Amino acid sequence: VKAAREHNIPKDLNKVLENKVMETVSGLYHVKVSVVEMTCSGDADSEGIVSKSVSSHSDLISGVYEGGLKIWECTFDLMDYFSEAEIQFTNKTVLDLGCGAGLLGIVALRGKADKVHFQDYNSTVIDEITLPNVVANCTNQVRSGEDKKASKPPAKRPKKAEDSPDGLNKCRFFSGEWSEVSQLLLSSNKPFSKYDIILTSETIYNPDYYSALHDTLAQLLDKNGRVYLASKVHYFGVGGGIYLFEKFIEERNVFRASIVRTTDQGLQRCIMEMAFK
């Protein structure tokens, strides 16, 4: 069991961005992972997931590393869907579950969400990827002068961060297994209100995790809330996929689910919307 913990936002935001190089994708800043792989080799990564992922050439080591160093395709499907369906984040409480780079939560922040919480299985991902990405997108501290027309803007070292950006005050960061994070939130002394919107991308690749994911969504979603889940139709080699998860939901009879978008480019991918029955 991977214990849950909350990651405090350091007072000195420049420490968060130290040795980080930023790139942009879909108008958002994100940490260049190849630089993280160089700076986190050896003892710098307490979980050892960076060196294990690099040495095994694997994006997934079950129960050790759950893919958070990479931005997966379905993240962009979900971001496109927010625009297409005009999903409103204003004043909402949002959870980016299995957040990795945290781009979905960052989009919610930009959409004027009231609170955004980020969760990833690995603490290294939160510290080295998610938190720097949120700081970079919240504090306007990446050098300006970027050529907006360039298809690939140059990588940038961040400038000094502002001291107390408003966006960061809305954020909390958690690592650990889903069931453990639920327990931490629900038993915490800190005030906690259930989520209006839960966003999750490429988290249903392994059927062994379906029960934990389903229970977490049921425990943390507000009674009128919505889950937006992006997934490939089938994950070869791991066995999960959208229709298998849909069947699992039907059997549990807690949520109603509908597939609201299908993309046929490359591997077929879907977006599912879930709400309580």
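Residues numbered from 1 in each chain as written. Predicted model: local features only at pLDDT ≥ 70, side-chain atom pairs only at ≥ 80, totals over all residues. Heavy atoms only, no water.

Spelled out, the test is: UniProt positions are given in the numbering used here, feature names are shortened, and annotations may be inferred rather than shown by experiment.
For the chain, the name recorded in an unreviewed UniProt entry is Histidine protein methyltransferase 1 homolog, with Pitta sordida as its organism. Quoted verbatim from the Sequence similarities (unreviewed entry) field of UniProt, the annotation for the chain is "Belongs to the methyltransferase superfamily. METTL18 family." Recorded in UniProt for the chain, the comment headed Catalytic activity (unreviewed entry) runs: "L-histidyl-[protein] + S-adenosyl-L-methionine = N(tele)-methyl-L-histidyl-[protein] + S-adenosyl-L-homocysteine + H(+)".

1. Considering the overall build of the chain
Heads up, the rule is: Note on conventions: DSSP H or I runs of at least 4 residues are helices, E runs of at least 2 residues are strands, and numbering of each starts at the N terminus. Any residue under 20% of the maximum accessible area for its type is buried, any over 50% is exposed, and the rest in between are partly exposed; the area is computed with a 1.4 Å probe on protein chains only. To measure how exposed things are, a 1.4 Å probe is used in the Shrake-Rupley method; for residues, cover is taken only from the protein chains shown.
Check the secondary structure of the chain and you find ten helices and ten strands. With 277 residues in all, the chain has 51% of them scored as buried. Entry remark: accessible area of the chain is about 13100 Å², with carbon and sulfur atoms responsible for 47%.

2. Some thoughts on the nonpolar core
Stated formally: Take the buried Ala, Val, Leu, Ile, Met, Phe, Trp, Tyr and Cys residues and link them wherever side-chain atoms come within 4.5 Å; each set so joined is a nonpolar core.
If you look at the biggest cluster of nonpolar residues, it comprises 45 residues, and the most contacted ones within it are F82, F89, V94, V134 and L199. For this core, the leading source of residues is helix α6 (residues 123-138), giving eight residues. Counting residues in each nonpolar core, the second largest holds 29 residues, with Y210, V233, F245 and F255 among its members.

3. Details of the environment of L28
Following the sequence through the fold, L28 ends up in strand β3 (residues 28-31). Looking at L28, the relative accessible area reads 2%, which means it is buried. Residues L28 and L103, spaced 75 residues apart in sequence, show a C-alpha to C-alpha distance of 7.5 Å.

4. Overview of the state of the cysteines
Stated formally: Count a disulfide wherever a pair of cysteine sulfur atoms falls within 2.5 Å.
Scanning all chains against the criterion turns up zero disulfides. Left unpaired, C74 is separated from the closest cysteine sulfur, that of C270, by 8.6 Å. You can see C138 has no disulfide; the closest cysteine sulfur is in C171, sitting 5.3 Å from it. Residue classification places C138 among the buried residues on the basis of a relative accessible area of 18%.

5. Description of the confidence of the model for the chain
The test is simple: Every residue gets a pLDDT, meaning the predictor's confidence in that residue, from 0 to 100. The contact definition used throughout considers only heavy atoms, calling two residues in contact when any of these lie within 4.5 Å.
Summarising the model, the chain shows a mean pLDDT of 85, and 80% of its residues fall at 70 or more. When pLDDT is averaged over each helix and strand of the chain, the minimum, 58, is found for helix α3 (residues 49-56) and the maximum, 98, for strand β4 (residues 93-97). Within the model, the stretch residues 143-151 combines pLDDT values under 50 with seven contacts to residues more than four positions away or in other chains.

6. Quick word on the packing of aromatic side chains
Rules: Planes of paired rings set the category: under 30 degrees apart is stacked, over 60 is edge-to-face and the rest tilted, where pairs are Phe, Tyr or Trp rings (Trp by its six-membered ring) whose centres lie within 6.5 Å.
According to the stated counting rule, one finds eleven aromatic pairs in the structure shown. Seen in terms of ring centroids, Y210 and F248 are 5.8 Å apart; in terms of plane orientation they differ by 75°. Their pairing is edge-to-face. Taken as a pair, Y210 in helix α9 (residues 210-220) and F248 in helix α10 (residues 242-252) lie far apart in primary sequence, 38 residues in all. The exposure class of F248 is buried, given its relative accessible area of 18%.

7. A word on the environment of I87
By the element assignment, I87 lies in the loop between α4 (73-84) and β4. On the accessibility criterion, I87 (16% relative accessible area) is buried. As a C-alpha pair, I87 and I197 span 110 residues in sequence and 10.0 Å in three-dimensional space. The residues touching I87, leaving out its near neighbours within four places in the chain, are Y81, F82, I197 and Y228.

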